[in-house]
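Okay, here's what each chain looks like letter by letter:
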Amino acid sequence: MKIGITGGIGSGKTTICRIFETLGIPVFYADTVAKQIMVDDEILIKGVKDTFGQESYLPDGGLNNKHIANIVFNNEAELLKLNQLVHPAVFRAFDTWVANLKTEVPYVLKEAALLFESGSYKMCDKNILVTAPLELKLDRVIKRDQVTAEQVKARMDKQLTDEQKIKLADYLIHNDESNSLIQQVLELHHLFLNIKH
Ligand code: ATP
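Since the model is a prediction, treat every value here as computed from it, not as a measurement.

1. Some points on the domain arrangement of the protein
Then, number 1: Along its sequence, the protein is organised into domain 1 (1-26 + 107-197) and domain 2 (34-100).
Then, number 2: Each of domain 1 and domain 2 has a C-alpha centre, and the two are 24 Å apart.
Then, number 3: With nine residues of domain 1 at the interface, the matching set in domain 2 holds seven residues.
Then, number 4: Around 730 Å² of area is buried between domain 1 and domain 2 when both sides are counted, 81% of it from carbon and sulfur atoms.
Then, number 5: There are zero salt bridges connecting domain 1 and domain 2.
Then, number 6: Counting the contacts that link domain 1 with domain 2 gives zero residue pairs in polar contact (both at pLDDT 80 or more).
Then, number 7: Considering every element that reaches the side of domain 1 that touches domain 2, the biggest residue donor is strand β3 (residues 108-111), with three residues.

Structure, rendered in C-alpha cells:
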C-alpha cells in the first residue's frame, strides 16, 4: 500500500515521516529525489536540455540552477514545462524504489510538498495532509532556513491552501504542538496495518 504525505512549507511533514521511519516504514522523499534525478536520470536530462538549452547543465554535469531559475522564475508556462519533465521522472523513481525494497513492509510513505499540485496523490492508495497554524509554520521556517517571513510567504503562495488540500486528503495530522504527534502517527499506523486489500 502506498500512502502519500504532504503539507505546506513548515507544517512538519519531514519530522512526521521520521517518526514513521522509527516504526520501520520506508519513506520516499520525493523532493530530495527530484533534485538527485536532475543530474542522474538520462531521460530527464535530455528533456531538460532539449527544452531549456544545453546550457542547462554545467561542464561538470551539475545542474545550472541559475539558468533554469532565470527561465522559470515568475513564468508559469515555463515552470509548467519543467514540472511536466520532472514529475514523470519522480514517478519512475518512486516505482523503481518500491520495486527494489529489500524487506516486506505493510505500506510505504511518499513524502512530497506538491503531492496534490502535481497530481501524484492519485497514484497513492491514501493521502495524509499535515496541517499547522500559519504563525507556527512561519516561525519554524524562519528559524530553520534563516529567511524572512516575506520569503516564506512567497513560497507559501505557490502552494495550494490547506482549505483546498483538506478536500483531497483522506487523513489529517495536526502538528500544532498541542496535539501529540506520536499519538497521531501511531493511530494512523495501526489503521494502515488493518486496511485489507
Ligand atoms: P518543508 O516543506 O519546508 O520541507 P516540512 O513540512 O517538511 O517543511 P519540517 O522540516 O518537518 O517541515 O519542520 C519544519 C521545522 O519545524 C523543522 O525545523 C522542525 O524541526 C520543526 N518542527 C516541526 N514540527 C515540530 C513540532 N511539533 N515541535 C517543534 N518543532 C517542530
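Back to the write-up after that little detour.
2. Considering the site of the ligand
Then, number 1: The ligand sits among 13 residues. The nearest are Lys13, Thr14, Thr15, Arg144 and Asn175.
Then, number 2: Interatomic distance of 2.7 Å between a side-chain N/O atom of Thr14 and an oxygen atom of the ligand.
Then, number 3: Mapping the ligand onto the cavity grids shows that it belongs to the largest pocket.
Then, number 4: Examining the composition of the shell around the ligand, we find that three residues originate from one element, helix α1 (residues 13-22), more than from any other.
Then, number 5: Among the residues forming the shell around the ligand, the class breakdown is two nonpolar, seven polar and four charged.

3. Some words on the environment of Ile3
Then, number 1: Relative to the elements of secondary structure, Ile3 occurs in strand β1 (residues 2-7).
Then, number 2: Expressed as a C-alpha distance, the spacing of Ile3 and Lys110, which sit 107 residues apart in the sequence, is 6.1 Å.
Then, number 3: For Ile3, the residues in contact, after removing those within four places along its chain, are Tyr107, Val108, Leu109, Lys110, Cys124, Lys126, Ile128 and Phe192.

4. Here we look at the environment of Glu55
Then, number 1: With respect to the element layout, Glu55 can be found in the loop between α3 (42-52) and α4 (65-72).
Then, number 2: A relative accessible area of 46% places Glu55 in the partly exposed class.
Then, number 3: For the pair Glu55 and Ile68, spaced 13 residues apart in sequence, the C-alpha separation works out to 9.1 Å.
Then, number 4: Contacts of Glu55, omitting those with residues within four sequence positions, involve Asn64 and His67.

5. Looking at the packing of aromatic side chains
Then, number 1: If you walk through the whole model with that rule in mind, you get seven aromatic pairs.
Then, number 2: Centre to centre, the rings of Tyr107 and Phe192 are 5.1 Å apart; their planes meet at 70°, and the pair counts as edge-to-face. Residue Tyr107 is found in the loop between α5 (76-99) and β3, and its partner Phe192 is found in helix α10 (residues 181-194); the two are separated by 85 residues along the sequence.
Then, number 3: Among the residues examined, Phe192 registers a relative accessible area of 2% and is labelled buried.
Then, number 4: Directly above the aromatic system of Phe94 lies the positively charged group of Lys110, at a separation of 4.7 Å from the ring centroid.

6. A look at the environment of Gln184
Then, number 1: Here Gln184 shows up in helix α10.
Then, number 2: Note on Gln184: relative accessible area 13%, which makes it buried.
Then, number 3: It is 9.1 Å that separates the C-alpha atoms of Gln184 and Leu172, two residues lying twelve residues apart in sequence.
Then, number 4: Aside from chain neighbours lying at most four places away, what touches Gln184 is Leu172, Ile173, His174 and Asn179.
Then, number 5: Within the local environment of Gln184, its side chain forms a polar contact with the backbone nitrogen of His174, the two atoms lying 2.9 Å apart.

How each quantity is defined
Residues numbered from 1 in each chain as written. Predicted model: local features only at pLDDT ≥ 70, side-chain atom pairs only at ≥ 80, totals over all residues. Heavy atoms only, no water. Domains from an automatic or database assignment. Contact = heavy atoms within 4.5 Å. Buried area = accessible area lost by both parts, 1.4 Å probe. Salt bridge = Lys/Arg side-chain N within 4 Å of Asp/Glu carboxyl O. Polar contact = N/O pair within 3.5 Å; in protein donor to acceptor, adjacent residues only side chain to side chain. Helix = DSSP H or I, 4+ residues; strand = E, 2+ residues; numbered from the N terminus. Near = heavy atom within 4 Å. 1 Å grid on protein atoms, 1.4 Å probe; cavity = no way out; pocket = protein on both sides within 12 Å on 5 of 7 lines; lining within 4 Å. Sits in = over half its atoms within 2 Å of the grid points. Nonpolar A, V, L, I, M, F, W, Y, C, P; charged D, E, K, R; others polar. Buried < 20%, exposed > 50% of the residue type's maximum accessible area, 1.4 Å probe, protein only. Phe/Tyr/Trp six-rings, centres within 6.5 Å; stacked < 30°, edge-to-face > 60°. Lys NZ or Arg CZ within 6 Å of the ring centre and 35° of its normal.

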